[in-house]
Amino acid sequence: MSEPIANTALAEAVNAALATVIDPELRRPITELGMVESVAVDDAGRASLVVLLTISGCPLRETITADATNALLAVPGVAAVDVELKVMTQEQRDALKELLRGQGGQRGIPFNEPGSLTRVYAVASGKGGVGKSSVTVNLACALAAQGLRVGIVDADVYGFSVPGLMGITQQPTRVDDMILPPVAYGVKVISIGMFVSGNQPVAWRGPMLHRALEQFLTDVYFGDLDALFLDLPPGTGDIAISVAQLLPKAEILVVTTPQAAAADVAERAGAIATQTGQKVAGVIENMSYLEMPDGGRMELFGSGGGQVLAERLTATVGAEVPLLGQIPLDIQLREGGDTGVPIVLGQAGTPAAAALSGIAGQLAAKPRGLAGMKLGLQPR
Ligand SMILES: Nc1ncnc2c1ncn2[C@@H]1O[C@H](COP(=O)(O)OP(=O)(O)O)[C@@H](O)[C@H]1O
Ligand SMILES: [Mg+2]
């Protein structure tokens, strides 16, 4: 057992340094999470830190060790650092879970709590391949880059693609019955793809889908988010209905191409909102045009679909449904998806990235869930 640090100034500096070490999954300082068992500094300036991990196989042990070492080495008077990793006892884990979930360890869907300020967006489309997942990850990353706390639930059970689009290969960490989602670009991501091995197809029936989604929303620890995006499978199937039941406050973002026929199918996806009582937050037109080398625009999939859809949904749901933006076709958007670096982060100067950031800005400008609460962020 190490001695406490006698020098008060040094002790304060060491504690302040450790408070800057953020647990990569829980996104809170390790000092707040009860993860620092002890810290001592000997006369030669050698610091000995004992960190308690939530579980023994914690995949991020190296990140925590490196971050804590660097933080302590920055303290004047610390010349070397030894980090010892131990694992929490069941009582320590229970205390941590209680800290995270609140007193009594809430077991419902946190986004439905009366006090929840999280805006929930269900990204829907009529057809597959219109860019729903690409739009989801780019909006999420753009908002996270602005400093918002963002999560994604990849609810496209048969066609999950979010981990790939975000470059995530890490598995979620399980702390007893709590699942900690991997984080990429500041976004917490959970996907059904993380629970199947390899590329094996998922063949689930409606009730199993409903149960899986419910489990995601209940057991996954997202913490307090500003925005949660759900990447839905195309169409108006079981998952869309489950989302409406499990997250009645979710607002729908409808993605479509400029093609009139695509807008027709997309209208059905948006129009379920009238049956479920959900709000339609807006329409996003993707693949709007291809910019030619001479600066002209080639409208590969026609034009006007997004605007027409927005007008029709406005009439159908009886509330203003805006066209939030038009995203051009861009090879770099596709490449960003293939390499796991969303275009808003990797190629921020491109017109496609600007269109996506513009849409994210409109979402960020909306108040948080309760009326009158401002995020204090302006669209760029
Ligand atoms: N604006 C765009 N420009 C170029 N490629 C795009 C664009 N939007 C989507 N894509 C590509 O189209 C394909 C389908 O997009 P995806 O986001 O997976 O659609 P969905 O989730 O609706 O099935 C992907 O290969 C993606 O990279
Ligand atoms: Mg998809």
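Basis of the calculations
Residues numbered from 1 in each chain as written. Chains lettered and ligands numbered in written order. Predicted model: local features only at pLDDT ≥ 70, side-chain atom pairs only at ≥ 80, totals over all residues. Heavy atoms only, no water. UniProt positions renumbered as here; feature names shortened; annotations may be inferred. Helix = DSSP H or I, 4+ residues; strand = E, 2+ residues; numbered from the N terminus. Contact = heavy atoms within 4.5 Å. Domains from an automatic or database assignment. Buried area = accessible area lost by both parts, 1.4 Å probe. Salt bridge = Lys/Arg side-chain N within 4 Å of Asp/Glu carboxyl O. Polar contact = N/O pair within 3.5 Å; in protein donor to acceptor, adjacent residues only side chain to side chain.

Draft legend 1. Structural context of the UniProt feature "binding site: ATP" (unreviewed entry) in the protein. In this structure's numbering, the residues bearing the UniProt feature "binding site: ATP" (unreviewed entry) are G126, K127, G128, G129, V130, G131, K132 and S133. When you line up the elements, K127 lands in the loop between β4 (119-124) and α4 (132-145). Sequence-distant contacts of K127, defined by excluding residues within four places in its chain, comprise K132, P234, Q259, A262 and V265. Its location among the elements puts G131 in the loop between β4 and α4.

Draft legend 2. Local environment of the domain arrangement of the protein. Each domain of the protein was delimited in the assignment, giving domain 1 (8-101) and domain 2 (115-365). Centre-to-centre separation of domain 1 and domain 2, based on C-alpha positions: 36 Å. Between domain 1 and domain 2 lies a buried interface of about 1300 Å² when both sides are counted; carbon and sulfur atoms form 56% of it. At the boundary of domain 1 and domain 2, one finds four salt bridges. Here R101 makes a salt bridge to D177, at a shortest N to O gap of 3.5 Å. Taken together, the links from domain 1 to domain 2 amount to four residue pairs in polar contact (both at pLDDT 80 or more).

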